[in-house]
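Reading the structure
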Amino acid sequence: LHNYMIFLTTLRGTGFQGDVVMAISPMDWEKEEIREYLDHDRHVVVYVVNYECFNAEGESVDSSKGGIRVCKNHFVYGLRRSQPGISESAT
């Protein structure tokens, strides 16, 4: 949550008032406090995307945290909703 708060607060602090489109991991999306925070701003659009992370040895791992991680996602597409806010991902 802390990283999202700093990012959005800093961005808005520059005077930027436009829409912010973010892609986040399912791991973050599962956290209720992150969902609630990102959903409070109607100008934030969130896509939940699956990605695969690898450690320094090139082995697939379940986490993007700790140590050296390289992650990739294969598809980043979304579906527009009639209301602003969180969008469903489409792959």
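Please refer to the structure higher up on the page.
Okay, so let's go over this structure. What you see is a predicted model, and the numbers here were worked out from it, not measured in a lab.

Let us look at the packing of aromatic side chains. Taken as a whole and judged by the stated rule, the model has zero aromatic pairs. Its guanidinium or amino end placed over the ring of Trp29, Arg35 lies 5.9 Å from that ring's centre, counting from NZ or CZ.

This part covers the sheet that holds strand β4 (residues 60–61). Reading across the sheet, the three strands line up as β4-β3-β5 and stay open at both edges, with antiparallel pairing between neighbours. Edge strands, defined here as strands with exactly one partner in the open sheet, are β4 and β5 (70–72). Pairing of strand β3 (residues 52–54) with β4 involves two bridges; the strand directions are antiparallel. Residue pairing for β4: Cys53 is matched across the bridge by Val61.

Before going further, it helps to spend a moment on the environment of Val46. Tracing the backbone shows Val46 in strand β2 (residues 44–48). Through-space distance from the C-alpha of Val46 to that of Ala23 is 5.8 Å; in sequence the pair is 23 residues apart.

What counts, and where the lines are drawn
- Residues numbered from 1 in each chain as written.
- Predicted model: local features only at pLDDT ≥ 70, side-chain atom pairs only at ≥ 80, totals over all residues.
- Heavy atoms only, no water.
- Phe/Tyr/Trp six-rings, centres within 6.5 Å; stacked < 30°, edge-to-face > 60°.
- Lys NZ or Arg CZ within 6 Å of the ring centre and 35° of its normal.
- Pairing = 2+ DSSP bridges.
- Helix = DSSP H or I, 4+ residues; strand = E, 2+ residues; numbered from the N terminus.

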